[in-house]
Amino acid sequence: MTAANPADTEHGLPEKPAPFCPVLNILQGQKALVTGGSSGIGKAIAINLAHAGADVMINYLSGPEKAEAVAEEARHCGANVVTHQADVSKEDQVEGMFAAMVETFGAVDILINNAGLQKDAAFHEMTLAQWNKVIDVNLTGQFLCMRAAVQAFMRQGIRPEVSQAAGKIICISSVHDIIPWAGHVNYAASKGGVMLMMKSVAQEVAPQRIRVNSISPGAVRTPINTEAWSTPEAYAELMKLVPYKRIGEPEDIARAAVWLASDQSDYITGATLYVDGGMTLYPGFETGG
Ligand code: BGC
């Protein structure tokens, strides 16, 4: 039994049951890299990929013990899981991480481009440092990792024993790749950039049988947006934006990522999958217009 999820403890829910280890693992033998994998959505994806049979490298920026705790949980069904410290916005560190991936696992089959952050400010007060930091991590970081992954996939070609595709990339974007977001202009610009970067790369590398897609989460219970869900008042406000009337959990995103990384979705490339409880359905129009 793993330790209680802090969110569960807070909401009086019981500890999570031990993970179910499927007999037929849809990612068996695949090698996956998850950036920003020590918390939030990245953590859930790393664990779920491993429980679906993939060997996983968990990238993190700081806090090695947190990353190691995620790796421990991910190993439950027998996968090989390692951690790797690197800043995704630094070219040399990204190159080093992919070299470590090949050295450790001998291949790269799946990249989950997840590392991301917010530096919120009113637009007229936004500093260049706040702008640059968000673009560097959320957009340039995804570019650097995606380029290194595509190079690795091209070198490898298809590994028919594990997948029909030569490689899969999943960019973790946001509903704010399409919903404008006042007070978060740097973040929305970075995610809008991710969307067309993803589609353009998908178009370019499809002939090499490399699939590139995005998952765009809505409001998900993670540390990035604690103030949006941690009090009853904030939660009620948030629900006005969510037709499905519940917050997303990291596992909602992770389940979609496992499927999108597997051959179950082999004909899908260049797609944005909104996993948002309907947040992109113009909820302001629920009662008229
Ligand atoms: C942001 C969250 C926000 C959600 C919905 C995400 O991309 O990181 O802070 O709650 O979008 O607005």
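The structure reproduced in this document is the subject of the present report. (Residues numbered from 1 in each chain as written. Predicted model: local features only at pLDDT ≥ 70, side-chain atom pairs only at ≥ 80, totals over all residues. Heavy atoms only, no water.)

## Re the overall build of the protein chain
And then number 1: A count of helices and strands for the protein chain gives eight helices and seven strands.
And then number 2: Relative to its length of 289 residues, the protein chain is compact, with a C-alpha radius of gyration of 18 Å against a globular reference of 19 Å.
And then number 3: Projected onto its principal axes, the C-alpha coordinates of the protein chain cover approximately 50 × 45 × 35 Å.
And then number 4: Each of the 289 residues in the protein chain was classed as buried or not, and the buried ones make up 49%.
And then number 5: A sequence separation of at least 24 residues applies to 73% of the contacts in the protein chain between residues at least 6 apart.
And then number 6: Each charge class in the protein chain can be summarised by its mean position, and for the 21 positive and 30 negative side chains these summaries are 3 Å apart. (Helix = DSSP H or I, 4+ residues; strand = E, 2+ residues; numbered from the N terminus. Rg over C-alpha atoms; globule rule 2.2 N^0.38 Å. Buried < 20%, exposed > 50% of the residue type's maximum accessible area, 1.4 Å probe, protein only. Contact = heavy atoms within 4.5 Å. Lys, Arg positive; Asp, Glu negative; His and termini not counted. Charge placed at Lys NZ, Arg CZ, Asp CG, Glu CD.)

## Things to note about the site of the ligand
And then number 1: By nearness alone, every residue bordering the ligand is listed as Gln118, Ser174, His176, Trp181, Tyr187, Gly218, Ala219, Ile224, Asn225 and Met279.
And then number 2: Contact between the ligand and Gln118: an oxygen atom at 2.6 Å from a side-chain N or O atom of the residue.
And then number 3: Within the side chain of Tyr187, one N or O atom sits 2.6 Å away from an oxygen atom of the ligand.
And then number 4: Coverage of the ligand by the protein chains reaches 90% of its 310 Å² of free accessible surface.
And then number 5: Counted by class, the shell around the ligand contains five nonpolar, five polar and no charged residues. (Near = heavy atom within 4 Å. Polar contact = N/O pair within 3.5 Å; in protein donor to acceptor, adjacent residues only side chain to side chain. Areas by Shrake-Rupley, 256 points an atom, 1.4 Å probe, with all protein chains shown as cover. Nonpolar A, V, L, I, M, F, W, Y, C, P; charged D, E, K, R; others polar.)

## Description of the packing of helix 2 (residues 40-51) against helix 3 (residues 64-74)
Between two packed helices, what matters for the description is the angle formed by their axes and the separation of those axes.
And then number 1: Two elements in contact, helix 2 and helix 3, have axes whose closest approach is 8 Å; the angle formed by their N-to-C orientations is 30°. Taken together, the axes of helix 2 and helix 3 lie roughly parallel to each other. Where helix 2 crosses over helix 3, the handedness of that crossing is right-handed. Of the residues in helix 3, those touching helix 2 at Lys43, Ala46, Ile47, Ala50 and His51 are Val70, Glu73 and Ala74. (Axes fitted to C-alpha atoms, helices over the stretch in contact; angles between N-to-C directions. Parallel < 35°, antiparallel > 145°, perpendicular 65-115°, else oblique. Left-handed = near helix turned anticlockwise from the far one by under 90°.)

## Notes on helix 7 (residues 232-239)
And then number 1: Listing the buried residues of helix 7 in full gives Ala234, Leu238 and Met239. Along the axis of helix 7, the buried residues cluster in a sector spanning 135°; they form a single face. Exposed and oriented more than 90 degrees from the buried face of helix 7 are Pro232 and Glu233. (Arc of directions from axis to C-beta.)

## Focus on the packing of aromatic side chains
And then number 1: The final tally for this structure, using the stated rule, is two aromatic pairs.
And then number 2: With a centroid separation of 5.6 Å and an interplanar angle of 70°, the aromatic rings of Trp181 and Tyr187 are classed as edge-to-face.
And then number 3: Overall, the relative accessible area of 9% leaves Tyr187 in the buried class.
And then number 4: Ring centres 6.4 Å apart and planes at 90° place the aromatic pair Tyr282 and Phe285 in the edge-to-face group. By the burial criterion, Tyr282 is exposed, and Phe285 matches it. (Phe/Tyr/Trp six-rings, centres within 6.5 Å; stacked < 30°, edge-to-face > 60°.)

## Some details on unusual backbone geometry
The phi angle of most residues is negative, glycine excepted, and most peptide bonds adopt the trans form.
And then number 1: Despite not being glycine, Lys245 has its phi angle at roughly 60°, a positive value.
And then number 2: Of note, Lys245 is situated in the loop between helix 7 and helix 8 (250-261).
And then number 3: What makes Lys245 partly exposed here is its relative accessible area of 43%.

## What to know about the environment of Ile253
And then number 1: Looking at the element boundaries, Ile253 is found in helix 8.
And then number 2: In this structure Ile253 comes out as buried when scored by relative accessible area, which is 1%.
And then number 3: C-alpha of Ile253 to C-alpha of Pro217: the two residues are 36 residues apart in sequence and 6.9 Å apart in space.
And then number 4: If we ignore the near neighbours within four places in the chain, the residues touching Ile253 are Ile41, Ile45, Ile215, Pro217, Val220 and Val275.

## Regarding the pairing of strand 1 (residues 31-34)
And then number 1: Neither face of strand 1 is left uncovered, since the one carrying Lys31 and Leu33 and the one carrying Ala32 and Val34 both have all their residues buried.
And then number 2: Two strands pair when backbone bridges link them, and strand 1 and strand 2 (residues 55-60) are joined in this way by four bridges, in the parallel orientation. Within the sheet, the bridge partner assigned to Lys31 lies in strand 2 and is Asp55.
And then number 3: Taken together, the three bridges between strand 1 and strand 4 (residues 110-113) define a ladder with parallel strand orientation. Across the sheet, Val34 pairs through a bridge with Ile112, a residue of strand 4. (Pairing = 2+ DSSP bridges.)

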